[in-house]
Amino acid sequence: MRKQFVVIGLGRFGSALCRELDMLGHEVLAIDSNEDKVNSMLPYSTSAVVANATDENVLKSLGIRNFDLGIVGIGEDMQSSIHCTLLLKEMGIKVWVKAQNSYHQKILEKIGADRVIQPELDMGIRVAHKLDSENIIDYIELSKDYSIVELIATEYIDQKSIIELNVRAKYGCTILAIKRGEEINISPLPNDVIFQGDVLVVMGSNIDIKRFEEKGM
Ligand code: ATP
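Conventions used here
- Residues numbered from 1 in each chain as written.
- Predicted model: local features only at pLDDT ≥ 70, side-chain atom pairs only at ≥ 80, totals over all residues.
- Heavy atoms only, no water.
- Helix = DSSP H or I, 4+ residues; strand = E, 2+ residues; numbered from the N terminus.
- Rg over C-alpha atoms; globule rule 2.2 N^0.38 Å.
- Buried < 20%, exposed > 50% of the residue type's maximum accessible area, 1.4 Å probe, protein only.
- Contact = heavy atoms within 4.5 Å.
- Lys, Arg positive; Asp, Glu negative; His and termini not counted.
- Charge placed at Lys NZ, Arg CZ, Asp CG, Glu CD.
- Phe/Tyr/Trp six-rings, centres within 6.5 Å; stacked < 30°, edge-to-face > 60°.
- Lys NZ or Arg CZ within 6 Å of the ring centre and 35° of its normal.
- Salt bridge = Lys/Arg side-chain N within 4 Å of Asp/Glu carboxyl O.
- Axes fitted to C-alpha atoms, helices over the stretch in contact; angles between N-to-C directions.
- Parallel < 35°, antiparallel > 145°, perpendicular 65-115°, else oblique.
- Left-handed = near helix turned anticlockwise from the far one by under 90°.
- Nonpolar A, V, L, I, M, F, W, Y, C, P; charged D, E, K, R; others polar.
- Disulfide = S-S within 2.5 Å.
- Patch = residues over 30% accessible without salt bridge, like charges linked within 9 Å, V, L, I, M, F, W, Y side chains within 5 Å.
- Areas by Shrake-Rupley, 256 points an atom, 1.4 Å probe, with all protein chains shown as cover.
- Pairing = 2+ DSSP bridges.

This part is about the overall build of the protein chain. Regarding its fold elements, the protein chain presents nine helices and 13 strands. Against the globule reference of 17 Å for 217 residues, the protein chain gives a C-alpha radius of gyration of 21 Å, more extended than a compact globule. Counting only C-alpha atoms and orienting by the principal axes, one finds that the protein chain spans roughly 65 × 35 × 25 Å. Counting all 217 residues of the protein chain, 42% fall into the buried class. Taking all contacts inside the protein chain whose residues are at least 6 apart in sequence as the whole, residues at least 24 apart take part in 52%. Averaging the locations of the 24 positively and 32 negatively charged side chains of the protein chain gives two centres separated by 4 Å.

Below is the structure:
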């Protein structure tokens, strides 16, 4: 579904988001106070405007309240980031914000940011999980204790069916999908067979996933 996003602050984070959302076919309004940044985003957005995103009247005149979600990528200027988030929340739209540090994150959460992202921190955690195991190729944190991971099937489970592996009973994890090359089998059946090199999308508690990965694969 085509959504309408407003991306404010076109640093590395905001501009990457803008390009990607535009490529995915969404409507993107890009805003920055720096004209060069705005010009560089013109080909990768539906529209791009030079504006101070802490000016309520400017945001109103741009019709921000009609957007599905605002993303605030203003980094260093914490005060502007907080101010802008507050204005967007007052306009009644969902807001995701990039935070500089935990202090910034706390304030943003207190004023109602719907999601706070600390890119360096989040990426550090993802990379650590990938480094922790040779078999993990991707990792999504569902909560502090639960995750979805992509694991490469080892020789140990080659040609075993889901029922034979009995992952849910033995390890408390669920195999959500099996990827084989370009094909993806979502909600696999008990008799579906896994081959070495398949990518298993597994959901469970971090402890259970680790047990499965170390003892069951
Ligand atoms: P990144 O790490 O994503 O490159 P950063 O954390 O270094 O970014 P900044 O460069 O400080 O963040 O800010 C990102 C962008 O936000 C800049 O292009 C800046 O011009 C813009 N910006 C800052 N304040 C405002 C504001 N009040 N209104 C609009 N844009 C702003």
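Another point: the packing of aromatic side chains. The full count for this structure, using the stated rule, is one aromatic pair. Judged by centre distance (5.5 Å) and plane angle (50 degrees), the rings of tyrosine 171 and phenylalanine 212 are tilted. One end of the pair, tyrosine 171, is in helix 8 (residues 167-171); the other, phenylalanine 212, is in helix 9 (residues 206-215), and 41 residues separate them in sequence. Exposure class is identical for tyrosine 171 and phenylalanine 212. Each is buried. The residue whose ring lies beneath arginine 19 is tyrosine 44, and the NZ or CZ to ring-centre distance is 4.0 Å. The ring of tryptophan 96 carries arginine 115 above its face, with NZ or CZ at 4.8 Å from the centroid.

Turning our attention to the pattern of salt bridges. Where charged atoms from two side chains of opposite charge come close, those side chains can pair. Counted according to the given criterion, the structure contains nine salt bridges. In this structure, lysine 89 and aspartate 114 form a salt bridge, with 2.8 Å as the shortest nitrogen-oxygen distance. With lysine 89 in helix 4 (residues 78-90) and aspartate 114 in the loop between helix 5 (102-110) and strand 6 (115-117), this residue pair connects regions lying 25 residues apart in the sequence. One salt bridge in this structure joins lysine 179 and glutamate 150, with 2.6 Å as the shortest N-O distance. One end of the pair, lysine 179, is in strand 10 (residues 174-180); the other, glutamate 150, is in strand 8 (residues 146-152), with 29 residues separating them in the sequence.

Right, let's get into the packing of helix 4 against helix 5. Put simply, helix 4 and helix 5 touch, their axes get as near as 10 Å, and they point 20 degrees apart. Here helix 4 lies roughly parallel to helix 5, going by the angle between them. Note on packing geometry: the crossing formed by helix 4 with helix 5 is right-handed. Note on element contacts: helix 5 touches helix 4 through Tyr103, His104, Ile107 and Leu108, opposite Met78, Ser81, Ile82 and Thr85. For the contact of helix 4 with helix 5, a count of residues per class yields five nonpolar, three polar and no charged.

This part is about the state of the cysteines. Applying the stated criterion across every chain yields a total of zero disulfides. The cysteine cysteine 84 is free of any disulfide, with cysteine 18 supplying the nearest cysteine sulfur at 15 Å.

Mapped onto the elements, isoleucine 8 comes out in strand 1 (residues 4-8). A relative accessible area of 1% means that isoleucine 8 is categorised as buried. Once the C-alpha coordinates of isoleucine 8 and tyrosine 171 are considered, the two residues, 163 residues apart in sequence, prove to be 44 Å apart.

The next subject is a nonpolar patch on the surface. Together, Ile140, Leu142, Tyr146 and Met203 make up an exposed nonpolar region whose accessible area comes to about 370 Å². Locating isoleucine 140 in the fold gives a position in strand 7 (residues 136-141). Owing to a relative accessible area of 44%, isoleucine 140 belongs among the partly exposed residues under this scheme.

Strand order in the open sheet made by the six strands is 3-2-1-4-5-6, with parallel pairing throughout. The strands lining the two open edges of the sheet, one partner per strand, are strand 3 (47-50) and strand 6. Within the sheet, the average angular offset between the axes of one strand and its neighbour, ignoring direction, is 15 degrees. Alignment of strand 2 (residues 27-32) against strand 3, held across four bridges, turns out to be parallel. Looking across to strand 3, one finds that alanine 30 is bridged to alanine 48.

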